[in-house]
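Structural characterization, general
So you can see what is in the structure, the chains are spelled out below.
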Amino acid sequence: MTTGKVVPFNPLDKRQLGESVGQALLRRPVVSMADLKSFDGAGIYAIYYSGQFPAYEAVANVNRDGKYAAPIYVGKAVPKGARKGGDLDANPGKVLYNRLTQHIKSLKDASNLDLADFHCRYLIVDDIWIPLGESLLIAKFDPLWNKLIDGFGNHDPGSGRHAGLRPRWDVLHPGRQWAEKCKARTESAAQITTEAREYLRSNPPSDGAG
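Reading the values: the criteria
- Residues numbered from 1 in each chain as written.
- Predicted model: local features only at pLDDT ≥ 70, side-chain atom pairs only at ≥ 80, totals over all residues.
- Heavy atoms only, no water.
- Helix = DSSP H or I, 4+ residues; strand = E, 2+ residues; numbered from the N terminus.
- Buried < 20%, exposed > 50% of the residue type's maximum accessible area, 1.4 Å probe, protein only.
- Areas by Shrake-Rupley, 256 points an atom, 1.4 Å probe, with all protein chains shown as cover.
- pLDDT = per-residue confidence, 0-100.
- Pairing = 2+ DSSP bridges.
- Contact = heavy atoms within 4.5 Å.
- Axes fitted to C-alpha atoms, helices over the stretch in contact; angles between N-to-C directions.
- Polar contact = N/O pair within 3.5 Å; in protein donor to acceptor, adjacent residues only side chain to side chain.
- Lys, Arg positive; Asp, Glu negative; His and termini not counted.
- Salt bridge = Lys/Arg side-chain N within 4 Å of Asp/Glu carboxyl O.

When helices and strands are tallied, the chain shows eight helices and four strands. Helices (α) and strands (β) of the chain occur, in sequence order from the N terminus, as α-β-β-α-β-α-β-α-α-α-α-α. Residues counted as buried form 42% of the 210 residues belonging to the chain. Of the accessible surface of the chain, which amounts to about 11,900 Å², a share of 50% is contributed by carbon and sulfur atoms.

Below you can see the structure in the form of structure tokens.
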């Protein structure tokens, strides 16, 4: 009889560390994005949807009644200069709050979404753990706006830089003026809606039970 190799538990394994950061975020209170207050710090966040948009019914169902079990989007905000190896002790300022307010503007601009249907959790994290925490949360939840309907987190590319395709998110949720200047896609909103429903059937959001 042969036995498989036993891998010793390593508390410093990157997956263990990422899981620790992710679980810390999920213990944070849920905040209405319509009532978000200013705060300092960098970190990670999860956005939850509980409205009536038809393509997102499976997600909304597990987020109603105060459950907020399945984020529709997970993201991060790192201090300026973090990618270039800046000062590890630099004050991040309001980078996480500012990132969330950018999302709030996008949701307000969308013609078929209501900001009141969105809530978030956020966690202020030391810089070094931010990317790892975000990656593990995306892997854990397969959020629809991270995995299938890209573009929610995109910025205005600036004057004269709109030659790229319009993000799929903006095809489904028109309203951001800068996105209207981008090149039209071949996919229609109806096609993306069908894809979203199929994705959620194949990757059903967990209701958090068990």
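On average, the chain scores 88 in pLDDT, and the residues at 70 or more come to 84%. Between the elements of the chain, mean pLDDT differs from a low of 78, seen in helix H1 (residues 14-26), to a high of 98, seen in strand E1 (residues 31-32).

Taken together, four strands build an open sheet; the order of strands is E1-E4-E2-E3 and the sheet is antiparallel. Pairing within the sheet leaves two strands with one partner each, and these edge strands are E1 and strand E3 (73-77). Helix-sheet contacts for helix H3 (residues 95-109) involve strand E2 (43-49), E3 and strand E4 (118-124), and the interaxial angle to E2 is about 25°. The sheet contacts of helix H4 (residues 130-141) involve E2 and E3, and relative to E3 the element is tilted by about 175°.

Along the chain, His119 falls in strand E4. Looking at His119, its side chain comes within polar contact range of the side chain of Tyr68, at 3.3 Å. Look past the residues within four positions of His119 in its chain and what remains in contact with it is Val30, Val31, Ser32, Met33, Ala46, Ile47, Tyr48 and Tyr68.

As a further point, take unusual backbone geometry. In the Ramachandran plot, Tyr68 falls in the positive-phi region, its phi being about 45° despite a non-glycine side chain. Assignment of secondary structure puts Tyr68 in the loop between helix H2 (57-63) and E3. One non-glycine residue, Asp142, lies in the positive phi region at around 45°. Among the structural elements, Asp142 can be located in the loop between H4 and helix H5 (144-147). The exposure class assigned to Asp142 is partly exposed, which follows from its relative accessible area of 24%.

Let's shift gears to the environment of Gln102. Its location among the elements puts Gln102 in helix H3. Take Gln102: its relative accessible area is 35%, and that puts it in the partly exposed class. Linking Gln102 and Gly153, residues 51 residues apart in sequence, is a C-alpha distance of 8.3 Å.

Position of Val31 among the secondary structure elements: in strand E1. Among residues more than four places away in sequence, those in contact with Val31 are Leu36, His119, Cys120 and Tyr122.

Here we take up the side chain of Arg99. You can see Arg99 is positioned in helix H3. For the buried residue Arg99, which engages in no salt bridge, the nearest side chain bearing the opposite charge is Glu134, 7.4 Å off. Here His155 takes part through its side chain, which lies 3.3 Å from a polar atom of the side chain of Arg99.

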